[in-house]
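# Overview (structure and organization)
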Amino acid sequence: MIIAVDGPAASGKGTIARRLAAHYGLPHLDTGLLYRAVGIGVLRAGGDPSVPAEALAACGFGEAMLHDPQLKSEAAGKAASIVSAHPEVRAALFTRQQDFAAQPGGAVLDGRDIGTVIAPHAPAKLFVTATPEVRADRRWRELVGAGLAVERDHVLTDIRARDERDSARSAAPLRMADDARLLDTSALGIEEAVAAAILLVERALHPAANDGDR
Ligand SMILES: Nc1ncnc2c1ncn2[C@@H]1O[C@H](COP(=O)(O)OP(=O)(O)O)[C@@H](O)[C@H]1O
Ligand SMILES: Nc1ccn([C@@H]2O[C@H](COP(=O)(O)OP(=O)(O)O)[C@@H](O)[C@H]2O)c(=O)n1
């Protein structure tokens, strides 16, 4: 069983995807880390993330790179959203994601294009969102908690810019799949959001049994 979880920055999709993976006993892939690894790779090489060839050259990173703490930084998020607009970068990372999704027993993947491009046939798709203000507040708390000195307004500006870049690009833009279920977590705590996500997945997997709940 494949569960696809998409949504904008700091909507809570990673938290929900991890918890769904634990609930259903499935492996989980945070696909944003792949694009972050490419973004950081370009920056470390002194390159420009907006140049396709330089971004493509950074796609051959090893597994260890995915555990680099710097991937969590806002600089990595910004560089990721620039390199991810290049079709050649998306193509270079495609097989790795599809193979993860296709493993026996299934998987949970979260990102921007899981329900639309990577696993369009997934039986359960969630599109997790929240207002930009709520998302910026969550990301700001996360960064401050990690000891980084950042302004909340600056985080909000970054999030709006990333939303715009991710939605406006022509290669696999951020959009809700037609058959995805929307989960707005703006007014939900983590436990409420996870419970709502499990309910939506159950409805997607067993539509007839849950028709009365709609
Ligand atoms: N429903 C929620 N309520 C409050 N905080 C949340 C909620 N969901 C996630 N968070 C927190 O917000 C931050 C971003 O969540 P995360 O799951 O990493 O988002 P995403 O994967 O969409 O970027 C994390 O610190 C996480 O603990
Ligand atoms: N499947 C994916 C995942 C991430 N990305 C890009 O990578 C960037 C970082 O993704 P992320 O999921 O780690 O970011 P957050 O939502 O956690 O802030 C996004 O802004 C997207 O531009 C993508 O294009 N496709």
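Bear in mind the structure is a predicted one, so any value in this text is a computation, not a measurement. (Residues numbered from 1 in each chain as written. Chains lettered and ligands numbered in written order. Predicted model: local features only at pLDDT ≥ 70, side-chain atom pairs only at ≥ 80, totals over all residues. Heavy atoms only, no water.)

The positions that UniProt labels "binding site: ATP" (unreviewed entry) are, in the present scheme, Gly 7, Pro 8, Ala 9, Ala 10, Ser 11, Gly 12, Lys 13, Gly 14 and Thr 15. Restricting the annotated residues just mentioned to those that line the largest pocket leaves Ala 9, Ala 10, Ser 11, Gly 12, Lys 13, Gly 14 and Thr 15. Along the chain, the position of Gly 7 falls in the loop between β1 (2–6) and α1 (13–24). Under the relative-accessibility criterion, Gly 7 is labelled buried at 0%. Excluding its chain neighbours within four sequence positions, the residues that come into contact with Gly 7 are Lys 13, Gly 111, Arg 112, Phe 127, Val 128 and Leu 174. One can find Gly 12 in the loop between β1 and α1. Take Gly 12: its relative accessible area is 23%, and that puts it in the partly exposed class. Those residues in contact with Gly 12 that sit more than four places away from it in its chain are Val 128 and Arg 138. (UniProt positions renumbered as here; feature names shortened; annotations may be inferred. 1 Å grid on protein atoms, 1.4 Å probe; cavity = no way out; pocket = protein on both sides within 12 Å on 5 of 7 lines; lining within 4 Å. Helix = DSSP H or I, 4+ residues; strand = E, 2+ residues; numbered from the N terminus. Buried < 20%, exposed > 50% of the residue type's maximum accessible area, 1.4 Å probe, protein only. Contact = heavy atoms within 4.5 Å.)

For the rest of this paragraph, the subject is the site of ligand 2. Near ligand 2, the surroundings consist of 18 residues, among which Lys 13, Arg 36, Arg 139, Arg 162 and Asp 166 are the closest. One nitrogen or oxygen atom from the side chain of Thr 31 is found 3.0 Å from a nitrogen atom belonging to ligand 2. One of the side-chain N or O atoms of Arg 90 is found 2.8 Å from an oxygen atom in ligand 2. When isolated, ligand 2 has an accessible area of 530 Å², and the protein chains bury 96% of it. Taken atom by atom, the bulk of ligand 2 overlaps the largest pocket. Broken down by secondary-structure element, the contributors of at least two residues to the shell around ligand 2 are α2 (32–44), α4 (74–83) and α8 (152–168). Among the elements that line the shell around ligand 2, the one with the most residues is α2, at three residues. (Near = heavy atom within 4 Å. Polar contact = N/O pair within 3.5 Å; in protein donor to acceptor, adjacent residues only side chain to side chain. Areas by Shrake-Rupley, 256 points an atom, 1.4 Å probe, with all protein chains shown as cover. Sits in = over half its atoms within 2 Å of the grid points.)

Quick look at the site of ligand 1 now. If you check the shell around ligand 1, you find 14 residues, and the closest are Lys 13, Gly 14, Thr 15, Arg 139 and Leu 188. One of the side-chain nitrogen or oxygen atoms of Lys 13 is found 2.8 Å away from an oxygen atom of ligand 1. In the model, a nitrogen atom of ligand 1 is placed 3.4 Å from a nitrogen or oxygen of the Arg 138 side chain. In isolation ligand 1 exposes 560 Å². Once the protein is present, 78% of that is buried. Elements that contribute at least two residues to the shell around ligand 1 include exactly α1, α7 (132–145) and α9 (190–205).

Attention now goes to the layout of surface pockets. In this structure, the largest pocket encloses a volume near 870 Å³. If you go around the largest pocket, you meet 40 residues; those closest to its centre are Ala 9, Ala 10, Lys 13, Gly 14 and Arg 139. Looking at the lining of the largest pocket, the elements with two or more residues in it are α1, α2, α4, β3 (107–111), α7, α8 and α9. When residues of the lining of the largest pocket are assigned to their parent elements, the largest contribution, five residues, is made by α1. (Points joined across faces, edges and corners; volume = space filled by probe spheres on them.)

Moving on, we come to α4. Across the ten residues of α4, seven count as buried, placing the element largely inside the fold. By the burial criterion, the buried members of α4 are Glu 74, Ala 76, Gly 77, Ala 79, Ala 80, Ser 81 and Val 83. Looking at the packing, one finds that the buried side of α4 touches α2, α3 (52–57), α5 (87–101), α7 and α8.

Our focus in this paragraph is the UniProt feature "domain: Cytidylate kinase" (unreviewed entry) in the protein chain. Per the UniProt record, the feature "domain: Cytidylate kinase" (unreviewed entry) sits at residues 3–201. Taken end to end, residues 3–201 has its terminal C-alpha atoms 8 Å apart, with 52% of it in helix and 11% in strand.

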